[in-house]
Amino acid sequence: MSGSARERLLEAASDLFYHEGIAATGIDRVIARAGVAKASLYNNFAGKDDLVAAYLAAALVRVDERLEALGRAAPGRATLAFFEDLAVLTARPGFVGCPFLNAAVELAPDAPARRVVAAFAEHLAIFFAHDLGAGRELGERLLLCYWGAMAALRVSPGTDAVREAARLAGVLVDEAAAGSGVPPRTPAAPVR
């Protein structure tokens, strides 16, 4: 691991929190993995809650970059490309679910990181609505498809739930298009 103490702490925390869970990962373990002194943690973060929020904020930046790339690659079809791409992503080794959903299950109701989880949901719903030129309601319905697929994967691993979510997203998109007089959209090929 190279970089500043902050970068090393975030990298270690990201890997441990994602793969092993937030509650199961103690601060001492993050410090040891990062190879920094305990003082470095507290010089960069107020404590574990702050580190968890930073981990999710960094994940949100990556999600936003991916959504922006999808929007550029498949304008008007990016929503369906998102779900198809998700099926590819979830089938990869090492995938253990949505970091935001995983965190939400573990976080206390007043944890600062909950704001980042809420921001993720907001960003995703807005992305869907904007891509489709639709209202907030459709964006929220498509967000439910996403959350449902991610929760189902935690209960029954495999990509069937994501493929079904992609199919349901297509139905919602087609219904919205039929109601607006716009021709139904065809599913986009997975973006890699």
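See above for the structure.
Residues numbered from 1 in each chain as written. Predicted model: local features only at pLDDT ≥ 70, side-chain atom pairs only at ≥ 80, totals over all residues. Heavy atoms only, no water.

Participant: How would you explain the overall build of the chain if you had to name every residue and give the values?
Facilitator: Each helix and strand in the chain was counted, giving 9 helices and 0 strands. The helix and strand sequence of the chain, counted from the amino end, reads α-α-α-α-α-α-α-α-α. Structurally, the chain occupies a C-alpha span of about 60 × 30 × 30 Å along its principal axes. When contacts within the chain are restricted to residue pairs at least 6 apart in sequence, long-range pairs at least 24 apart make up 66% of them. A total of about 9,700 Å² of accessible surface is found on the chain, and carbon and sulfur atoms cover 57% of it. For the chain, the distance from the average site of its 20 positive side-chain charges to the average site of its 22 negative ones is 3 Å. (Helix = DSSP H or I, 4+ residues; strand = E, 2+ residues; numbered from the N terminus. Contact = heavy atoms within 4.5 Å. Areas by Shrake-Rupley, 256 points an atom, 1.4 Å probe, with all protein chains shown as cover. Lys, Arg positive; Asp, Glu negative; His and termini not counted. Charge placed at Lys NZ, Arg CZ, Asp CG, Glu CD.)

Participant: Break down the packing of helix H6 (residues 99–106) against helix H8 (residues 136–155) for me, with residues and values.
Facilitator: Running from amino to carboxyl end, H6 crosses H8 at an angle of 70 degrees, the nearest separation of the two axes being 10 Å. Classed by the angle they form, the pair H6 and H8 counts as roughly perpendicular. Within the contact between the two elements, H6 uses Phe 100, Leu 101 and Asn 102 and H8 uses Trp 147, Met 150, Ala 151 and Arg 154. Partitioning the contact of H6 with H8 into residue classes produces 5 nonpolar, 1 polar and 1 charged. (Axes fitted to C-alpha atoms, helices over the stretch in contact; angles between N-to-C directions. Parallel < 35°, antiparallel > 145°, perpendicular 65-115°, else oblique. Nonpolar A, V, L, I, M, F, W, Y, C, P; charged D, E, K, R; others polar.)

Participant: Pulling in residues and values, what's your account of the pattern of salt bridges?
Facilitator: It is possible for side chains bearing opposite charge to pair when their charged atoms get close. Within this structure, the stated rule accounts for 9 salt bridges. The partner of Arg 141 in a salt bridge is Glu 137, and the shortest N-O contact between them spans 2.7 Å. Here Arg 141 and its partner Glu 137 are both found in helix H8, 4 residues apart, which amounts to about one turn of the helix. Here Glu 137 falls in the exposed class, since its relative accessible area comes to 52%. For Arg 167, the salt bridge identified is with Glu 164, shortest N-O distance 2.7 Å. Of this pair, Arg 167 and Glu 164 are both found in helix H9 (residues 160–180), 3 residues apart, which corresponds to roughly one turn of the helix. (Salt bridge = Lys/Arg side-chain N within 4 Å of Asp/Glu carboxyl O. Buried < 20%, exposed > 50% of the residue type's maximum accessible area, 1.4 Å probe, protein only.)

Participant: I'd like a description of the nonpolar core, backed by residues and values.
Facilitator: If you look at the biggest cluster of nonpolar residues, it comprises 65 residues, and the most contacted ones within it are Phe 82, Phe 83, Phe 100 and Tyr 146. Counting residues per element, the ones that place at least two in this core are helix H1 (5–20), helix H2 (27–34), helix H4 (48–73), helix H5 (78–90), H6, helix H7 (113–132), H8 and H9. Other than its neighbours up to four places away in sequence, Tyr 146 contacts Phe 82, Phe 83, Leu 86, Cys 98, Phe 120 and Leu 124. (Core = buried A, V, L, I, M, F, W, Y, C linked by side-chain atoms within 4.5 Å.)

Participant: Talk me through the packing of H1 against H4; I want residue IDs and the actual numbers.
Facilitator: At a closest axis distance of 9 Å, the pairing of H1 and H4 adopts a crossing angle of 85 degrees. Classified by the interaxial angle, the pair formed by H1 and H4 is roughly perpendicular. On H4, the residues that touch Arg 6, Leu 9, Leu 10, Ala 13, Ser 14, Phe 17 and Tyr 18 of H1 are Lys 48, Leu 51, Val 52, Ala 54 and Tyr 55. Residues that form the contact of H1 with H4 fall into these classes: 9 nonpolar, 1 polar and 2 charged.

Participant: Before we move on, can you summarise H2 with the specific residues and values?
Facilitator: Listed as buried for H2 are Ile 27, Val 30, Ile 31 and Ala 34. Projected onto a plane normal to the axis of H2, the buried residues spread over an arc of 100 degrees and lie on a single side. The outward face of H2, more than 90 degrees from its buried face, is lined by the exposed residues Asp 28 and Ala 32. Of the surrounding secondary structure, the elements contacted by the buried residues of H2 are H1, helix H3 (38–44) and H4. Once H2 ends, the next one or two residues include Gly 35, with phi positive near 70 degrees. (Arc of directions from axis to C-beta.)

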